[in-house]
Amino acid sequence: MESRTSRRIKKTNEFYFKSMSVQFRKHRVFRETPSVIFYDISVDDSNASDLVVHEGPAVSPPNDVIGAKQFYIHHHQVDHNRVLSGERVFELVNFDWKFPYHIVHLNRHSGALVVPIGTYHRSTSGENGSIVINQAIRDDEFNPETEFVPVSAGNNSELYRVLVHEQPVIHELGE
Ligand SMILES: [Fe+2]
């Protein structure tokens, strides 16, 4: 029997899929006083948080041994990647989207970038690194052993084709 969490994550993912493109979950500024901003960064149904710290111009996941780009793809987790400090560029590839390749520039003002289930993704930091919190939604079948296995464009021909032949949609800061 499917659990409530699994049904909810399926519904959330279907909603993101129908939009067929890049989505953000915006924060709300609760209060702003001199030198202080107080945000509400809640994400509905988020039941896990990962913190990913890049201490310099790092890449997650790193390129493979022959220098081909690698990506993560989740089967039981929707990501909401929110930059807390610095700048991070995400590359997203989703074969079901009208425009399958997106490059998204993020900083603290961008809100959380949604990465639906089945979307290849990788991220690169600016010179000074960055701190990202992923306010994830995981279903009951989530298993860290299988959710974080990098896929190389060097041995995935469809991914390779998109990276080489599709023009990326670029999302600059502030869009
Ligand atoms: Fe992820």
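Further up the page is the structure itself.
The notes below deal with the structure included here. Just so you know, these numbers come straight off a predicted model, no measurement behind them. (Residues numbered from 1 in each chain as written. Predicted model: local features only at pLDDT ≥ 70, side-chain atom pairs only at ≥ 80, totals over all residues.)

## Some details on the overall build of the protein
Using the following cut-off: Elements are defined by DSSP. Helices are runs of H or I of four residues or more, strands are runs of E of two residues or more, and each kind is numbered from the N terminus. The atom set for the radius of gyration is the C-alpha atoms, and the globule formula is 2.2 Å times the number of residues raised to the power 0.38. Burial is judged by counting other C-beta atoms within 10 Å of a residue's own C-beta: 20 or more means buried, 12 or fewer means exposed, and anything between counts as partly exposed, with every C-beta placed from the backbone.
Within the protein, the regular secondary structure consists of three helices and twelve strands. What you see for the protein is a C-alpha radius of gyration of 16 Å, in line with the 16 Å of a compact globule of 175 residues. Along the first, second and third principal axes, the C-alpha atoms of the protein reach 50 × 45 × 30 Å. A total of 175 residues make up the protein; the buried ones form 28% of that total.

## With respect to the nonpolar core
As a rule of thumb, nonpolar side chains are buried together in soluble globular proteins. The condition is simple: Each nonpolar core comprises buried Ala, Val, Leu, Ile, Met, Phe, Trp, Tyr and Cys residues, the members being joined through C-beta atoms within 7 Å. C-beta atoms are placed from the backbone for every residue, and two residues are taken to be in contact when these atoms lie within 7 Å.
Judged by nonpolar contacts, the single largest core of 23 residues is most densely connected at Val 78, Leu 92, Val 93, Val 104 and Leu 113. Counting only elements with at least two residues in this core, the list comes to β7 (77–93), β8 (101–106), β9 (112–115) and β10 (120–138). Tallying contributions element by element places β7 first for this core, with five residues. Excluding residues within four positions of it along the chain, Leu 113 makes contact with Phe 24, Asn 81, Phe 90, Val 104 and Leu 106.

## Considering the pairing of β10
For clarity, the threshold we go by: DSSP bridges decide pairing: two strands pair if at least two such bridges lie between them.
Where strand β4 (residues 48–54) meets β10, seven bridges bridge the pair, whose relative direction is antiparallel. From the neighbouring strand, His 54 faces β10, where its bridge partner is Ser 130. Two strands pair when backbone bridges link them, and strand β5 (residues 59–60) and β10 are joined in this way by two bridges, in the antiparallel orientation. Along β10, the bridge assignment pairs Val 59 with Thr 124. As judged from the 13 bridges shared by β7 and β10, these two strands associate in the antiparallel manner. Counterpart to Val 93 in the pairing with β10 is Tyr 120.

## Considerations on the environment of Ser 21
Mapped onto the secondary structure, Ser 21 falls in the loop between α1 (4–19) and β1 (24–25). Taking the C-alpha atoms as reference points, Ser 21 and Val 114, separated by 93 residues in sequence, lie 9.6 Å from one another.

## With respect to the pairing of strand β2 (residues 28–33)
The buried count for β2 comes to zero of six residues, which makes it a mostly uncovered element. Summarising the sheet, β2 and strand β3 (residues 36–40) pair through five bridges and their orientation is antiparallel. Note that in β3 the partner of Val 29 across the bridge is Tyr 39.

## Thoughts on the environment of Thr 119
Assignment of secondary structure puts Thr 119 in the loop between β9 and β10. When the C-alpha atoms of Thr 119 and Pro 100 are compared, they prove to be 9.4 Å apart, with 19 residues separating the residues in sequence. Aside from chain neighbours lying at most four places away, what touches Thr 119 is Ile 73, Leu 92 and Asn 94.

## Details of the environment of His 165
Structurally, the position occupied by His 165 is in helix α3 (residues 157–165). Spatially, the C-alpha atom of His 165 lies 30 Å from that of Gly 129, the residues being 36 residues apart in sequence.

## As for unusual backbone geometry
Of note, the amide linkage connecting Ser 60 to Pro 61 takes the cis form, showing an omega dihedral of -15 degrees. One non-glycine residue, Ser 35, adopts positive backbone phi at about 65 degrees. Position of Ser 35 relative to the elements: it lies in the loop between β2 and β3. We note that Asp 45 has phi near 70 degrees; this positive angle belongs to a residue other than glycine. Turning to its location among the elements, Asp 45 is positioned in the loop between β3 and β4. Asp 45 gets classed as partly exposed once you count the C-beta atoms within 10 Å, which come to 14.

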